[in-house]
Amino acid sequence: DEVARRRLEAVARGGVAAGLWANWMQRPPHLVKRLTSRPWWDKGEFAWCALLEEQYPQIRDEVLRLRRKPASFTPVGGRAAHDHTLVAAGEWREYPLFGNGQKYAENCARCPVTAGTMERVSAAIGLAMAGGGETLFST
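S.K.: What should I look at first to understand the pairing of strand β4 (residues 134-138) in this one?
M.R.: Put simply, side chains in a regular strand alternate between the two faces of the sheet. On β4, burial follows the alternation: T135 and F137 on one face are buried, whereas E134, L136 and S138 on the facing-out side are not. Bridge count for strand β2 (residues 93-99) against β4 is 5 bridges, and the pairing is antiparallel. The residue bridging E94 from the neighbouring strand is S138, located in β4.

And the structure:
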């Protein structure tokens, strides 16, 4: 209703005034203050990029092995009901490792290098375990 909407808007504007958000209409639950809007970031600004590049050959091999068994990947929207709206036509499949506040242990066991590497990227794992993101393969 209109009264509730106005109250929420006032709270959001208070968050902007307090420096929590940049815009009252965009209120992300997770915010990295130094992450500004720009089309491209230099990989040197993120220490974990070197780790991912170093592990790339093994990560690539793990995902290629998984892709030989398409049933390993589940339809997007099968785990998280809110994701079903992301696929209007065709097919989109995923193989989750971390997300929705949990570690998919069986999936991680099939991709030990990828899982171990991602566990070293605290920002990604922290967000996934808090329910704010996912670490997965997508096809």
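From this point, the narrative continues.
S.K.: I keep staring at the packing of helix α2 (residues 48-67) against helix α4 (residues 112-119) and nothing clicks. Help me out?
M.R.: Two quantities define a packed helix pair, namely the angle between the axes and the distance from one axis to the other. Running from N to C, α2 and α4 point in directions that differ by 155°, and their axes come no closer than 8 Å. When the interaxial angle is binned, α2 and α4 end up roughly antiparallel. As for how α2 packs across α4, the hand of that crossing is left-handed. Here L51, L52, Q55, Q58, I59 and E62 of α2 lie close against α4, whose contacting residues are P112, V113, T114, T117 and M118.

S.K.: Any chance you could explain the nonpolar core here in plain terms?
M.R.: Residues L66, F73, Y95, L97, F98, C111 and F137 are the most contacted members of the largest nonpolar core, which totals 16 residues. When residues of this core are traced back to their parent elements, those giving at least two are α2, β2, α4 and α5 (122-129). Ranked by residue count, the leading element in this core is α2, at 4 residues. Dropping the residues within four chain positions of it, F98 is found in contact with K103, Y104, C108, A115, M118, E119, I125, A128, M129, G133, E134 and T135.

S.K.: Can you help me understand α2 in this one?
M.R.: Spacing of three or four residues puts side chains on the same side of an α-helix, whose turn is 3.6 residues. The sharpest bend along α2 reaches about 60° and sits at Y56, with the proline P57 one to four residues further on. Looking at α2, one finds that the buried residues are C49, L51, Q55, I59, E62, V63 and L66. On its buried face, α2 is in contact with β2, α3 (105-110), α4 and β4.

S.K.: For this particular structure, what's the right way to read the packing of aromatic side chains?
M.R.: Geometry of an aromatic ring pair is reported as the spacing of the ring centres plus the angle between the planes. For the coordinates displayed, the defined rule picks out 3 aromatic pairs. Seen in terms of ring centroids, F73 and Y95 are 5.7 Å apart; in terms of plane orientation they differ by 50°. Their pairing is tilted. Taken as a pair, F73 in the loop between α2 and β1 (74-75) and Y95 in strand β2 lie far apart in primary sequence, 22 residues in all. As far as the burial class goes, F73 and Y95 line up, both buried. Connected via pairs of aromatic rings, a cluster forms that spans W41, F46 and W48. Here the basic side chain of R38 rests over the ring of W41, its NZ or CZ set 3.5 Å away from the ring centre.

Scoring rules and cut-offs
Residues numbered from 1 in each chain as written. Predicted model: local features only at pLDDT ≥ 70, side-chain atom pairs only at ≥ 80, totals over all residues. Heavy atoms only, no water. Buried < 20%, exposed > 50% of the residue type's maximum accessible area, 1.4 Å probe, protein only. Helix = DSSP H or I, 4+ residues; strand = E, 2+ residues; numbered from the N terminus. Pairing = 2+ DSSP bridges. Axes fitted to C-alpha atoms, helices over the stretch in contact; angles between N-to-C directions. Parallel < 35°, antiparallel > 145°, perpendicular 65-115°, else oblique. Left-handed = near helix turned anticlockwise from the far one by under 90°. Contact = heavy atoms within 4.5 Å. Core = buried A, V, L, I, M, F, W, Y, C linked by side-chain atoms within 4.5 Å. Bend = angle between axes of the 7 residues up to and from the residue. Phe/Tyr/Trp six-rings, centres within 6.5 Å; stacked < 30°, edge-to-face > 60°. Lys NZ or Arg CZ within 6 Å of the ring centre and 35° of its normal.

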